[in-house]
Amino acid sequence: MSGIASVFKKLFSLINVIRKIIVNIVFFLVLLVFIGLFAADEEPIRVPDNGVLVLELNGRLVEEKTWVDPVDAFFDEMLGGSGKPAEVLLRDAVTAIEQAANDDRISGIQLKLSNFAGGGLNKMNVLGEALMAFRESGKPVITYADAYSQDQYYVAAHADKIYLNPLGMMMFEGYGSYRLYFKELLEKLKVSTHVFKVGAYKSAVEPYTRNDMSDEAREANKILYDELWQTYIADIAALRELDPRVLSGDMDDFLAAVTDYENDFAQMAVGTGLVTDLYSREQFRQEMISLTGLDDDEKSWRQINHDNYLESLNGQAYQEETKERDNIAIVVARGVIVDGHQKAGMIGGDSTAELLRKARLDDQVKAVVLRIDSPGGSGFASEVIRQEVLELQKAGKPVIASMSSVAASGGYWIAASADEIWAAPETITGSIGVFGMFFTFENSLAEIGVHNDGYHTTNLPVLDVTRGLDDGGKQLVQMSIEKFYRDFVNMVAESRDMSYDEVHAVAQGRVWTGNQAQQFGLVDELGELDDAIRAAAQRADVVEYDVEVIEADLSARDKFMRDLFGQASTWVPASVFEKNHSPIEMELQRVWQEVKLLDKFNDPNGVYALCELCPLQ
């Protein structure tokens, strides 16, 4: 016994030593940050004369950044964690471009796209239009990369000059979507999947009931992605003079083009017009130095990234709120719709309704633009938000729904009752359909010898994951789903001045682009956020106005931590935070996102309006 006690004593001592080491590391890390903050100069950020604005697009373009606790984010990144997916606020990027166009200190723009992850064709188009407007100032837009993905190239195509590493490549793979199917896995685990839906094209539940895509889902995919791809091709062809073979989507054409240039992908990119020239990194460095002059301190070209550039303007890039002018309020609804209160980056029925209520109770707000970037989610939460839209209208404040990349299913639900619906031609919308789904584990438990039994005073269904669901219970749930679908279609018909049959004909879970939705009467006008803002002002009969983004109020703790650790991250060298995610890591993150989608199924009635084809924004 004494020997065992001695072993445990030594083990405990080792654990205690490790604990102290970890605590000390964290303590000194925090101490180092605070020393750095207090020791750092308070000099304002300086924009170099004749400098280049570096548009550093690290992550996805988003309408609203996902809230991450600043303490968690800082230490996760400092300690080498993967953190949350990086995001770039579209409004910041566009504002920086617009300000730089009239800034004599800025001589051009460099697009830094190596870590750009897309974010929806319409958002990239908005960014591209801002770049084209910048070029009208006579200042160049230049980009360089070791390789370009399809989304990266879409943005790069708006540049004057596109440079590529001599060992790089570019290939258009087209648009499409592949999903993981779990039916066989669930069967092996003896998990019972209970699915209820209305709409022949509502295939959100297919990964849990099939091992492959249904014919209806394949048809819907084809219609949607073919149109989006044609839009992509048309945009690129209008921007660059390209060899038609690289855009044909035909493998024989692509192989022929590569063969023409002796199987050299980089030379093919130059020869077919994809890029301007092939530069090594040092050649590109010298090219930029020749444009801006040498920054003696950095031994590189004069530059400032767009985040620092916006900060250097001390808020002047955005209109200051004034109480002498009316406001057009923007409420951003981005992410999956779930019940309750949620932080930015996800739509909570209660929290988003509160933002709309905040705009309604503000006398300076004369109209509201509901900016939607959502594949839908909880039916109940969607209705909670829509009811607040109706309250705004009762208060005499027009509501304009402005669809970003995605506004489908529940995302369309919250838009349907607006005074006007605006969508981009590339917006993914529609998907008017409903489903319910839950899992029970009675067979899984029985396999390991665990059983469920008891007494209940009625034979009405008890939703218990450890018990099955009898035929009566299944019938009851299906009736609820069908009723919700009828409510959805009726609501759209009444809001859009259409008949039930007209809406039903384009509903049943089918997904459309903004172009198609306008033809079917589901959308009023095609345009972007600025167009919707002007429409809101016209509806409210105001000429001079400010634009105000309504945001949730942060707690005192959140404000303090955001300011503190936001400053800390600017003091820590940028190289500490830079990460290049491997393809395997990125694919595992995608799989995990699909699995975590189940966490968002929290509707109190178990009824969901979620678009299965729509990317999570």
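See above for the structure.
Residues numbered from 1 in each chain as written. Predicted model: local features only at pLDDT ≥ 70, side-chain atom pairs only at ≥ 80, totals over all residues. Heavy atoms only, no water.

(A) Expanded view of the nonpolar core. By size, the foremost hydrophobic cluster in this structure holds 58 residues, and its most contacted members are L127, Y148, Y153, F172 and L274. Discounting residues that sit within four places of it in the chain, Y153 has contacts with Y148, I162, M170, F172, Y232, I236, R240, L242, G273 and L274. By size, the runner-up hydrophobic cluster in this structure holds 51 residues, among which are I347, Y412, I414 and I550. (Core = buried A, V, L, I, M, F, W, Y, C linked by side-chain atoms within 4.5 Å. Buried < 20%, exposed > 50% of the residue type's maximum accessible area, 1.4 Å probe, protein only. Contact = heavy atoms within 4.5 Å.)

(B) Molecular detail of the packing of aromatic side chains. Overall, the coordinates contain 17 aromatic pairs when judged by the stated rule. Centroid distance Y208 to F439: 5.8 Å. Interplanar angle 75°. Geometry classified as edge-to-face. Pair noted here: Y208 is in helix α7 (residues 206–209) and F439 is in strand β20 (residues 434–440), with a separation of 231 residues, a long-range link. Assigned by exposure class, Y208 and F439 land together as buried. Residues W512 and F520 carry aromatic rings whose centres are separated by 4.6 Å and whose planes lie at 65° to one another, so their mutual orientation is edge-to-face. A residue is classified by how much of its surface remains accessible, and W512, at 7% relative accessible area, is buried. Overall, F520 belongs to the partly exposed group, its relative accessible area being 31%. These aromatic residues form a ring-pair network of at least three members: Y148, Y153, Y154, F172, Y175, W229 and Y232. (Phe/Tyr/Trp six-rings, centres within 6.5 Å; stacked < 30°, edge-to-face > 60°. Helix = DSSP H or I, 4+ residues; strand = E, 2+ residues; numbered from the N terminus.)

(C) Quick look at the pattern of salt bridges. Counted by the stated rule, this structure contains 26 salt bridges. A salt bridge links E184 to K188; its shortest N-O distance comes to 3.7 Å. In this pair, E184 and K188 are both assigned in helix α6 (residues 183–188), four residues apart and thus about one turn of the helix distant. For R245, the salt bridge goes to D260, with nearest N and O atoms at 2.8 Å. In this pair, R245 sits in the loop between α8 (215–239) and α9 (251–260) while D260 sits in helix α9, placing the two residues 15 residues apart along the sequence. Residue R245 is classed as partly exposed on the basis of its relative accessible area, which comes to 22%. Each of E63, R371 and E528 takes part in a single network of salt bridges with overlapping partners. (Salt bridge = Lys/Arg side-chain N within 4 Å of Asp/Glu carboxyl O.)

(D) Highlighting the environment of K358. Looking at the element boundaries, K358 is found in helix α13 (residues 349–360). The exposure class assigned to K358 is partly exposed, which follows from its relative accessible area of 35%.

(E) Representation of the packing of helix α4 (residues 121–135) against α8. α8 packs onto α4 with a crossing angle of 15° between their chain directions and a minimal axis gap of 12 Å. One finds that α4 runs roughly parallel with respect to α8. Crossing geometry of α4 relative to α8 is assigned as left-handed. Note on element contacts: α8 touches α4 through L228, T231, Y232, D235 and L239, opposite L121, N125 and M132. (Axes fitted to C-alpha atoms, helices over the stretch in contact; angles between N-to-C directions. Parallel < 35°, antiparallel > 145°, perpendicular 65-115°, else oblique. Left-handed = near helix turned anticlockwise from the far one by under 90°.)

(F) Structural view of the pairing of strand β1 (residues 51–56). Extensive coverage of β1 is indicated by the burial of five of its six residues. In the sheet, β1 pairs with strand β4 (residues 106–112) via six bridges, with the strands oriented parallel. Residue pairing in the sheet places V54 in a bridge with Q110 of β4. Both β1 and strand β11 (residues 303–305) contribute to a ladder of three bridges, which runs parallel. Residue pairing in the sheet places V52 in a bridge with Q303 of β11. (Pairing = 2+ DSSP bridges.)

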